[in-house]
Amino acid sequence: MPGHVQHAMSTVVLTIGPTHTLRQAAQLMSARRVGAAVVLDPDTSGLGILTERDILDSLGAGQDPDRETAHAHTTADVVFAGPDWTLAAAAEAMVQGGFRHLIVLDGREPVGIVSVRDIVRSWADADAPPADTRSAGAPPAGEVAV
């Protein structure tokens, strides 16, 4: 079903531990080109999420990325999505919760992360006309490029 999370999510799931420093997390996220990492705490068997925004907020507050740990900046009160959720349901959960990423679980296992960007890209691809009907960079008919 193309309008579902499983078709839009990234299956590249970066999992880090709570003791990773923010610099280590940022380096891993950058290398994998992802905007969020799943934080797995083996002591509690809990899952959390650390996003690029969390790292940015820490740096903006003048904190040392070599001393700050993922644990201190992880969102533990996470809303999880299922692969069979509709993209509309995922988008609604993000708007209601004020966040931009959802960890996708199949049972208890993280199988992906879906972001606002993934949803927008999926919706844009579904509505896009065939590639040969408009020139590269041109706005769709009836719209003006700004």
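Below, the structure is looked at part by part. (Residues numbered from 1 in each chain as written. Predicted model: local features only at pLDDT ≥ 70, side-chain atom pairs only at ≥ 80, totals over all residues. Heavy atoms only, no water.)

Some thoughts on the pairing of strand 5 (residues 101-106)
This is how it is decided: The cut-offs for exposure are 20% and 50% of the maximum accessible area for each residue type, with area from a 1.4 Å probe on protein chains only; residues under the lower value are buried, those over the upper are exposed, and the others partly exposed. Only DSSP runs of H or I covering at least 4 residues are called helices, and only runs of E covering at least 2 are called strands; the numbering of each starts at the N terminus. If the strands point away from the viewer and the path from the first strand over the helix to the second runs clockwise, then the crossover is right-handed. Any two strands between which DSSP finds at least two bridges are classified as paired.
Burial analysis of strand 5 places five of its six residues in the buried class, which makes it a mostly covered element. Each parallel crossover has a hand, and for strand 4 (residues 80-81) linked through helix 5 (residues 87-97) to strand 5 it is right-handed. The sheet contact formed by strand 5 and strand 6 (residues 109-115) spans six bridges and is antiparallel. The residue of strand 6 that forms the bridge with Ile-103 is Ile-113. What sits between the antiparallel neighbours strand 5 and strand 6 is a turn of two residues, in which Gly-107 has the positive phi angle 75°.

Here's the deal with the sheet that holds strand 3 (residues 46-51)
Reading across the sheet, the three strands line up as 1-2-3 and stay open at both edges, with mixed pairing between neighbours. Looking at the sheet topology across the chains shown, the edges are occupied by strand 1 (15-16) and strand 3. Sheet analysis places strand 2 (residues 36-41) next to strand 3, joined by six bridges and oriented antiparallel. By the bridge assignment for strand 3, Asp-41 is matched with Gly-46.

Considering the side chain of His-73
Which entries qualify depends on this criterion: N or O atoms closer than or at 3.5 Å make up a polar contact, with two conditions inside protein: a donor-capable atom paired with an acceptor-capable one, and, for residues adjacent in sequence, both atoms drawn from side chains. In what follows, residue pairs with any heavy atoms lying within 4.5 Å of each other are defined as contacts.
With respect to the helices and strands, the residue His-73 is situated in helix 4 (residues 70-73). Of note is the side chain of His-73, whose polar atom sits 2.8 Å from the side chain of Glu-68. Setting aside anything within four residues of it in sequence, one finds His-73 in contact with Leu-22, Ile-49, Leu-50, Asp-54, Ser-58, Gln-63 and Glu-68.

Concerning the layout of surface pockets
The cut-off we apply is this: Cavities and pockets were defined on a 1 Å grid built from protein atoms only: a cavity is a group of points that admits a 1.4 Å probe but offers it no way out, a pocket is an open group of points flanked by protein on both sides within 12 Å along at least five of seven lines, and a lining residue is one with an atom within 4 Å of any such point. Grid points are joined across faces, edges and corners, and a volume is the space filled by probe spheres set on the points. Gly falls in the polar group here, along with every residue not listed as nonpolar (Ala, Val, Leu, Ile, Met, Phe, Trp, Tyr, Cys, Pro) or charged (Asp, Glu, Lys, Arg).
Within this model, the largest pocket holds a volume of roughly 420 Å³. Around the largest pocket sit 17 residues that line it, and Val-34, Gly-35, His-101, Ser-115 and Arg-117 are the ones nearest its centre. For the lining of the largest pocket, the secondary structure elements donating two or more residues are strand 6 and helix 6 (116-127). Ranked by residues supplied to the lining of the largest pocket, first place goes to helix 6 with four residues. Roughly 230 Å³ of volume is contained in the second largest pocket. Around the second largest pocket, the lining residues are Ile-49, Thr-51, Arg-53, Asp-54, Thr-75, Asp-77, Val-78, Val-79, Gly-98, Phe-99, Arg-100 and His-101. Of all the elements in the fold, those that place two or more residues in the lining of the second largest pocket are strand 3 and helix 3 (52-60). Class assignment for the residues of the lining of the second largest pocket results in four nonpolar, four polar and four charged.

Some points on the environment of Val-38
Mapped onto the elements, Val-38 comes out in strand 2. According to the relative accessible area criterion, Val-38 is buried, its value standing at 0%. Sequence-wise, Val-38 and Thr-75 are 37 residues apart; in three dimensions their C-alpha atoms are separated by 9.8 Å. Not counting the four nearest positions on each side in its chain, Val-38 is found in contact with Val-13, Leu-14, Thr-15, Ile-16, Leu-47, Gly-48, Ile-103 and Ile-113.

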